Amino acid sequence: MTFRILVVTGATLFFPGKAIFGQQAERLVTPFEKNENHTATYAEAIDFYKQLDARYEEMSLEEWGLTDAGLPLHVAAISLDGDFDPDSIQKKGKCILLVNNAIHPGEPDGVDATMMLFRDLLQDPAKRKLIEHTVIVAIPMYNLGGVLNRNSTTRANQNGPESYGFRGNSRNLDLNRDFIKCDSKEAQTFNQVFHYWRPDLFVDNHVSNGADYTYTMTLLATQKDKLDPILADYLVKTLWPELNTRMAEKNWPMVPYMNTNGPPETGLYGFLDLPRYSTGYAALFNCIGFMPETHMLKPFRDRVRSTYAFMETLLEVMVRDYWWVRENHDILLFDRAVLKKVDLDWEIDTTQVDSLLFKGYAAKYKPSEVTGFDRLYYDRSEPYEKNIPYYPHFKPTLSVVPPQAYIIPQGFTEVLDRLRWNGLEMYRLTSDVEIPVTQYYIRNYKDRRGPYEGHYLHYDVEVDPVERTALFRAGDVVVFTQQEEGTRFLVSVLEPQAPDSYFCWNFFDGNLDQKEYFSAYVFEDIAAEFLKEHPEVREELEALKKEDPDFASNPRRQLDWVYRHSPWYEPTHRLYPVARLLELKELPLEKEEK
Ligand SMILES: [Zn+2]
């Protein structure tokens, strides 16, 4: 790895204390600005931020927890009055914007754009005005293992830079699927960084794949129908149009992220950013998230410049709207206690179609030189401008009424750790209690056939709620849903039917299989006695035999059926161990220290 000296003159040696803004006019130059087909290496990026940090009181650079690469995650921030306490910043009515870069290190545009933006916000008086009411926080590079795994081939279709990192992290995980399950140390640290800063706005910079068209910048925003209606309304009616207009004025016109089932003219679909994705995770905490996705076929230089322009434009809009965003984020934080219903899954509402003016290239077909079959290509000599069908609306397909609290047996430490990283208040039972609760039996579920991000993800989960009296032991954990941060998150991870629940991510697989069985030759006599004492079960058995010839000819199935209807069958088979407490009760509790 080469190390570049980034400063033209001077060194941190000359800055024993941090300078006040304006005293240090020397302009730092990023590696990208020296070679516009080069993205900063890990050493170059961290060195650049360290130099800014050494020079400016308004800048902070901190090392947070570890990553799977064994290196710390850096978090940089600029706060013009030098206040880096999120509580105090928010009390002043300022907004907090969190930027994440290189989650996919083969898509490094945000790395270089953010370095230039930080430099300009600190060094350029005009840019400085953009953050008078906003504190900008950035993770310079997130997937450090991927960043260090530098090469020039794995982004097969991408137009620069000359070399870049790899999508998988040190454990070959895609970190943009890891925000809930948190297999990686990066995600574990991110959860904590996110809850330390509690951002109002979030930007996660990417580069897209897919169709060819005229736009350099495509934008994926948090799916509006997943957001609280107050924020969704602001996003759709105010923020999105404002960003579009201003970006077009800067000659970076944008379109929504190209989620298509063919060439764009066939229709553009909204993207359901489930909580496993960065913006979906942010949405659980009423934070409006954006994934700028620059177009892979546009030169790296233009992609970095448009990513810079997007973040700058977002800050410009916040000069005007910061108070609205801050105030409503606060209201939503405190109002979560009254959430009557939480939506957990959605599907595209195909009955509502919008029209989107789109500037594309004609999609054509010609024989492939590789396969001989017809292949798709986009003809750049035939640009078009026309309205295409656009389906941005989603409707909920699964909703639940949150319980007053969940009770989680203390042995599920991986689940409890994840709740802690997400800032939830938790209580421990101080003595054993036997109380009526609602629990779910897992009636049915499907599995992905192959591994997916280190898991065999469950989906299409069906549950049967049951009222039962259950024993909980001292040390088991009670988490109330009515708390300042986290109702949506709690329900999304603890309701097993939710697509990104901890159940779906395999944290409760031990509860799915049966632990005790019977020996048929012994149980025969017990079953016969049991049926004599329970003629109603015998009746049901006989009826089943009449209905189902397979069952009638299979003695093992019949005996198993009797076992499952007898008291010898374990009542916890397929019982989801997290209990729902529908009514608040006096419980012997002790609050966990955060
Ligand atoms: Zn990406």
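Since the model is a prediction, treat every value here as computed from it, not as a measurement.

Details of the overall build of the protein chain
- For the protein chain, the helix and strand inventory stands at 16 helices and 21 strands.
- The C-alpha atoms of the protein chain give 28 Å as radius of gyration, which agrees with the globular expectation for 594 residues (25 Å, within 12%).
- Referenced to the eigenvectors of the C-alpha coordinate spread, the extents of the protein chain come out at roughly 95 × 65 × 45 Å.
- Split into buried and exposed, the 594 residues of the protein chain put 41% on the buried side.
- Nonlocal contacts in the protein chain, meaning residues at least 24 apart in sequence, comprise 77% of its contacts between residues at least 6 apart.

Let's talk about the domain arrangement of the protein chain
- Taken domain by domain, the protein chain consists of domain 1 (61-335), domain 2 (357-395), domain 3 (402-514 + 573-591) and domain 4 (520-564).
- With centres defined by C-alpha atoms, the gap from domain 1 to domain 2 works out at 28 Å.
- Counting residues per element, the ones that place at least two in the side of domain 1 that touches domain 2 are strand S8 (254-256) and strand S9 (268-269).
- Along the lines of polarity and charge, the residues of the side of domain 1 that touches domain 2 split into 9 nonpolar, 4 polar and 3 charged.

Notes on helix H8 (residues 229-249)
- Between its terminal C-alpha atoms H8 stretches 29 Å, which fits the 30 Å expected from 21 residues at 1.5 Å a residue.
- Within H8, the axis deviates most sharply at Leu 235, by approximately 45 degrees.
- Of the positions making up H8, those classed as buried are Leu 231, Leu 235, Leu 239, Leu 243 and Met 247.
- Backbone geometry just after H8 places Asn 251 at a positive phi near 65 degrees.

Observations concerning the environment of Tyr 49
- You can see Tyr 49 is positioned in helix H2 (residues 42-55).
- Tyr 49 sits in the buried class, given 23 other C-beta atoms within 10 Å.
- The spatial distance from the C-alpha of Tyr 49 to the C-alpha of Phe 118 is 8.4 Å, given a sequence separation of 69 residues.
- For Tyr 49, the residues in contact, after removing those within four places along its chain, are Leu 61, His 74, Ala 76 and Pro 140.

Brief notes about the packing of helix H13 (residues 520-533) against helix H16 (residues 555-564)
- Direction vectors running N to C along H13 and H16 enclose 60 degrees, while the axes themselves pass 10 Å from each other. Comparing their axes, H16 and H13 come out oblique. For the element pair H13 and H16, the recorded crossing hand is left-handed. On the side of H13, the interface is formed by Ala 520, Phe 523, Glu 524, Ala 527, Phe 530 and Leu 531, while H16 contributes Arg 556, Leu 559, Val 562 and Tyr 563.
- When its residues are assigned to classes, the contact of H13 with H16 shows 8 nonpolar, no polar and 2 charged.

As for unusual backbone geometry
- A cis amide bond, omega 5 degrees, links Gly 160 with the succeeding residue Pro 161.
- Unlike most non-glycine residues, Ala 102 shows phi in positive territory, near 60 degrees.
- Of note, Ala 102 is situated in the loop between strand S3 (95-100) and helix H4 (109-123).
- Even without being a glycine, Cys 182 presents a positive backbone phi close to 50 degrees.

Digging into the sheet that holds S9
- The mixed open sheet is built from 3 strands, whose spatial order is S9-S13-S12. Strands at the two margins of the open sheet, each flanked by one partner only, are S9 and strand S12 (354-367).

With respect to helix H12 (residues 487-494)
- Taking burial as the measure, the 8 residues of H12 include 8 buried ones, the bulk of the element.
- All buried positions along H12 are accounted for by Thr 487, Arg 488, Phe 489, Leu 490, Val 491, Ser 492, Val 493 and Leu 494.
- Along its buried surface, H12 packs onto strand S11 (342-348), strand S14 (394-400), strand S15 (405-408) and strand S19 (477-480).

Some words on the pairing of strand S13 (residues 374-391)
- Relative to S13, S9 is paired through 2 bridges, and the arrangement is parallel. Its bridge partner being in S13, Tyr 269 is matched across the sheet by Tyr 391.
- Hairpin connection between S12 and S13: a loop of 6 residues separates the two successive antiparallel strands, and Gly 372 in this loop has a positive phi of roughly 85 degrees.

Things to note about the nonpolar core
- Membership of the largest hydrophobic core comes to 133 residues, with the highest contact counts inside it found for Leu 97, Ile 136, Val 137 and Val 479.
- Each of domain 1 (61-335) and domain 3 (402-514 + 573-591) contributes no fewer than three residues to this core.
- When neighbours within four sequence positions are excluded, Val 479 is seen to be in contact with Ala 405, Tyr 406, Ile 408, Leu 419, Leu 424, Met 426 and Leu 490.

Considerations on the confidence of the model for the protein chain
- This prediction gives the protein chain a mean pLDDT of 93; 95% of its residues lie at or above 70.
- The low-confidence segment residues 1-16 (pLDDT under 50) makes 20 contacts with residues lying over four places distant or belonging to another chain.

What to know about the pairing of strand S4 (residues 134-139)
- Burial runs high along S4: 6 of the 6 residues are buried.
- Residue alternation in S4 divides its side chains into two sets, Thr 134, Ile 136 and Ala 138 and Val 135, Val 137 and Ile 139, and both sets are buried.
- Pairing between S3 and S4: 6 bridges, direction parallel. Paired with Leu 98 across the strands is Val 137, a residue of S4.

Observations concerning the environment of Asp 513
- Following the sequence through the fold, Asp 513 ends up in the loop between H12 and H13.
- With 8 C-beta atoms counted inside 10 Å, the residue Asp 513 sits in the exposed group.
- Sequence spacing of Asp 513 and Leu 130 is 383 residues, and the spatial spacing of their C-alpha atoms is 57 Å.

A short note on the environment of Gly 267
- Checked against the element boundaries, Gly 267 lands in the loop between S8 and S9.
- Placed 231 residues apart in sequence, Gly 267 and Ala 498 show a C-alpha to C-alpha distance of 28 Å.
- Each residue touching Gly 267, except ones within four places of it in the same chain, is listed here: Thr 260, Ile 388, Pro 389 and Tyr 391.

Focus on the packing of H2 against H4
- The N-to-C vectors of H2 and H4 enclose an angle of 10 degrees; their axes lie 11 Å apart at closest approach. Relative to H4, the element H2 is oriented roughly parallel. Here Ala 45, Phe 48 and Leu 52 of H2 lie close against H4, whose contacting residues are Val 111, Met 115, Phe 118, Arg 119 and Leu 122.
- Residues of the contact of H2 with H4, tallied by class, amount to 7 nonpolar, no polar and 1 charged.

Cut-offs and rules
- Residues numbered from 1 in each chain as written.
- Predicted model: local features only at pLDDT ≥ 70, side-chain atom pairs only at ≥ 80, totals over all residues.
- Helix = DSSP H or I, 4+ residues; strand = E, 2+ residues; numbered from the N terminus.
- Rg over C-alpha atoms; globule rule 2.2 N^0.38 Å.
- Buried ≥ 20, exposed ≤ 12 C-beta atoms within 10 Å, placed from the backbone.
- Contact = placed C-beta atoms within 7 Å.
- Domains from an automatic or database assignment.
- Nonpolar A, V, L, I, M, F, W, Y, C, P; charged D, E, K, R; others polar.
- Expected span 1.5 Å × (residues − 1).
- Bend = angle between axes of the 7 residues up to and from the residue.
- Axes fitted to C-alpha atoms, helices over the stretch in contact; angles between N-to-C directions.
- Parallel < 35°, antiparallel > 145°, perpendicular 65-115°, else oblique.
- Left-handed = near helix turned anticlockwise from the far one by under 90°.
- Pairing = 2+ DSSP bridges.
- Core = buried A, V, L, I, M, F, W, Y, C linked by C-beta atoms within 7 Å.
- pLDDT = per-residue confidence, 0-100.

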